[in-house]
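Structural overview
Chain by chain, the residues run as shown.
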Amino acid sequence: MYARKVVSKIDCSYSVKLRLKEDIAIMLEERSSINNSKDPIFLLGSTTNLANELKENLDEYKSSDIDIKSNIRIFGLPLFHITNRKDITAKGIIAIGLKSIGVISVGCFSTGFISFGAITAGVISFGSISIALLYSIGGIAIAPAIAIGGIAIAKSLAIGGLAVAKEVSFGGITCSKLMAYKDSFIIPGNLDEGSAVAYQYPTFIDDFKRDARVIFSQNYNFIKLSIINALR
Amino acid sequence: MDTFNKQLKKGILEILVLKIIYNEDVYGYELIKKLESESNGLFLIKEGSLYPIMYRLEDKGFIEHYRKEVEGKRTVPRKYYKVTVLGKEHLNIMTRSWDQFSDIVSKILKEE
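Heads up: these notes are all about the structure in this document. (Residues numbered from 1 in each chain as written. Chains lettered and ligands numbered in written order. Predicted model: local features only at pLDDT ≥ 70, side-chain atom pairs only at ≥ 80, totals over all residues. Heavy atoms only, no water.)

Notes on the interface of chain B and chain A
Listed by partner, the interface residues are 23 residues for chain B and 21 residues for chain A. Taken over both partners, the interface formed by chain B and chain A buries close to 2100 Å², and the fraction arising from carbon and sulfur atoms is 48%. Taken as a group, Tyr29, Glu47 and Tyr55 of chain B account for 29% of the area that chain B buries against chain A, more than any other trio of residues on that side. Glutamate 30 of chain A is the salt-bridge partner of arginine 78 of chain B, the closest N and O atoms lying 2.7 Å from each other. Applying the counting rule to chain B against chain A returns 11 residue pairs in polar contact (both at pLDDT 80 or more). Elements supplying a minimum of two residues to the side of chain B that touches chain A: helix H1 (2-23), helix H3 (47-59) and strand E3 (78-83) of chain B. Sorting elements by how many residues they give to the side of chain B that touches chain A places H3 of chain B first, with 9 residues. (Contact = heavy atoms within 4.5 Å. Buried area = accessible area lost by both parts, 1.4 Å probe. Salt bridge = Lys/Arg side-chain N within 4 Å of Asp/Glu carboxyl O. Polar contact = N/O pair within 3.5 Å; in protein donor to acceptor, adjacent residues only side chain to side chain. Helix = DSSP H or I, 4+ residues; strand = E, 2+ residues; numbered from the N terminus.)

Quick look at the structure:
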């Protein structure tokens, strides 16, 4: 309790705080064995005094840097790694940092199975600019299965302000084989006018849903539910 | 004058701490006591000043610590510090610098 109070008054990195806590326990133990007292304030002075003395001598450790890594490792990776340091890439099952790599990864530049951030790449990814192997949501979203975003580019399904897909697109301006558009649509260059179908939203949405179900039940059962949910 | 003494002590403390650990492995409180006795009471420092020095020396690789169980009612083992090879080299360099520095300062101060 005493050590925690002292450390809470010092602006230094997390690792130094841990170090201090451990050493304050040692200081107390040492003083206690000599002075035959267990009162920390009697032994080392008030928490403020000790904190001030330490602060005065910890100039180079003064920092708001955070770099926390879990001791628990799974497949060689720490359970979590959280850092705000520019020179360190957070790597862990859960990784949070300016640059991050993890199963769940959060960062300005993040890569992972599920990644969140400004510029992201992953199997499922969410970000301002987001590229995914499966699902992607973002300002600019690119994914083979489903992309949802201001600009969405996908192979199967794109939903967004500008939605471009090979199969199905839904949004303001659309471009794909099957489209539900609000403002306008573009027929893909590789298709004849007769091969592309465009429905205006919301008037012909039921027709669009019907056609979309046909496409996804034939080829992409795994995303069938996703499109139906998205359209709801 | 107080500030002058304080700065002077602060500057020289690192070399003294390193030298004491070089002579013999010591734990924190023991080091404080040794500093006090060997300096005839000139260097009266508290843990709050000592441990940051230990961190700096440890982080630079000049010293390292090991834990040693002590008989009695202690719940935490003692943390002993020892000088590394790098620390020994650094101590030699610092000692030479200090000799040169103190010679020159003494010479200038004694000039009439």
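Moving on from the model shown.
Describing helix H4 (residues 85-110) of chain B
Residue and element names in this part refer to chain B. For H4, with 26 residues, the first-to-last C-alpha span of 37 Å sits near the 38 Å given by 1.5 Å per residue. Of all the residues in H4, the buried ones are Gly87, His90, Leu91, Met94 and Ser102. Along its buried surface, H4 packs onto H1 and E3. (Expected span 1.5 Å × (residues − 1). Buried < 20%, exposed > 50% of the residue type's maximum accessible area, 1.4 Å probe, protein only.)

A closer look at the pairing of strand E4 (residues 80-83) of chain A
Residue and element names in this part refer to chain A. The alternating pattern of E4 places His81 and Thr83 on a buried face and Phe80 and Ile82 on a face that is not buried. The pairing of strand E1 (residues 67-69) with E4 spans 3 bridges and is antiparallel. From the neighbouring strand, isoleucine 68 faces E4, where its bridge partner is isoleucine 82. Pairing between E4 and strand E5 (residues 89-143): 3 bridges, direction parallel. Bridge assignment links isoleucine 82 to a residue of E5, and that residue is isoleucine 96. (Pairing = 2+ DSSP bridges.)

Describing the pattern of salt bridges
For side chains bearing opposite charge, pairing can occur when the charged atoms are close. Enumeration over the complete set of coordinates arrives at 15 salt bridges over all chains. For arginine 19 of chain A, the salt bridge is made with glutamate 58 of chain B, and the minimal N-O distance between the two is 3.4 Å. In this pair, arginine 19 of chain A sits in helix H2 (residues 14-35) while glutamate 58 of chain B sits in helix H3, so the two residues belong to two different chains. Close ionic contact of arginine 56 of chain B with glutamate 14 of chain B constitutes a salt bridge, the shortest N to O distance being 4.0 Å. With arginine 56 of chain B in helix H3 and glutamate 14 of chain B in helix H1, this residue pair connects regions lying 42 residues apart in the sequence. Assessed through its relative accessible area of 15%, arginine 56 of chain B is described here as buried. Each of Glu22 and Asp23 of chain A together with Arg67 and Lys79 of chain B takes part in salt bridges that share partners, so that together they form one network.

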